[in-house]
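Secondary and tertiary structure notes
Next come the chains, spelled out residue by residue.
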Amino acid sequence: MDDKDERRQWLMEVHAERDRLLPLRAEATRTTIGMLRTNSAHTGQPDLVPYLNLTYLMAVKEGRGDDELMAFALSLANWAVSTVADLAQHTDRTVEQVLDSYETAIMAAAEAEEGDETEEAEEETEETDEEPS
């Protein structure tokens with residue numbers, strides 16, 4: 001099978017899955033709006049938001065099953081793409097520039113965290129290297 005046949009097969013599978021999940025779209029959209037309303041109120045506590053989001057995902061999976069979870073994830077992905085495009089338009093930036101700013105912030109946070117871990121390891125090494133009095 002060549003690349004063109006593989007892409008065609010993949011697209012057929014994606015279309016079939018989309019058609020299968022389509023009846024769940026309205027409920028998934030309502031769930032997305034509910035989650036965004038609830039969890040956006042906590043953006044002042046950025047460490048809490050991922051836990052709230054995970055709670056929503058787990059509740060959907062447990063309460064409604066894997067198909068609803070997949071529909072919800074698709075809804076969230078669609079909202080994310082639209083939101084980034086809207087933000088780019090309203091800030092006179094391209095989508096790439098918006099995404100680059102987030103990616104840069106994530107990389108900076110990772111480097112800072114790595115630096116903190118290195119510093120902690122060095123402090124621990126210094127403490128264990130010291131002889132007791």
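Residues numbered from 1 in each chain as written. Predicted model: local features only at pLDDT ≥ 70, side-chain atom pairs only at ≥ 80, totals over all residues. Heavy atoms only, no water.

It is at 10 Å that the axes of helix α2 (residues 25-40) and helix α3 (residues 49-64) come closest, and there the two elements cross at 150°. Taken together, α2 and α3 sit at an angle that is classed as roughly antiparallel. The crossing of α2 and α3 is right-handed. Counting all contacts with α2, which are made through E27, T31, G34, M35, T38 and N39, the residues of α3 involved are V49, L52, N53, Y56, V60 and R64. Residues belonging to the contact of α2 with α3 are distributed by class as follows: five nonpolar, five polar and two charged. (Axes fitted to C-alpha atoms, helices over the stretch in contact; angles between N-to-C directions. Helix = DSSP H or I, 4+ residues; strand = E, 2+ residues; numbered from the N terminus. Parallel < 35°, antiparallel > 145°, perpendicular 65-115°, else oblique. Left-handed = near helix turned anticlockwise from the far one by under 90°. Contact = heavy atoms within 4.5 Å. Nonpolar A, V, L, I, M, F, W, Y, C, P; charged D, E, K, R; others polar.)

Another point: helix α4 (residues 66-90). Taking 1.5 Å per residue as the helical rise, α4 with its 25 residues ought to reach 36 Å, and the 36 Å between its terminal C-alpha atoms agrees with that figure. Of all the residues in α4, the buried ones are E68, A71, F72, S75, V84 and A88. A positive backbone phi angle near 55° is found at D92, which sits one or two residues after α4. (Expected span 1.5 Å × (residues − 1). Buried < 20%, exposed > 50% of the residue type's maximum accessible area, 1.4 Å probe, protein only.)

The subject of this paragraph is the pattern of salt bridges. All chains considered together, the criterion is met by six salt bridges. Residues R18 and D19 are paired through a salt bridge, measuring 3.4 Å at the closest nitrogen-oxygen approach. Residue D19 is classed as partly exposed on the basis of its relative accessible area of 48%. For the salt bridge of R20 with D67, the shortest nitrogen-to-oxygen distance reads 2.7 Å. One end of the pair, R20, is in helix α1 (residues 3-21); the other, D67, is in helix α4, and 47 residues separate them in sequence. Salt bridges linked by common partners bring E17, R20 and D67 together as one network. (Salt bridge = Lys/Arg side-chain N within 4 Å of Asp/Glu carboxyl O.)

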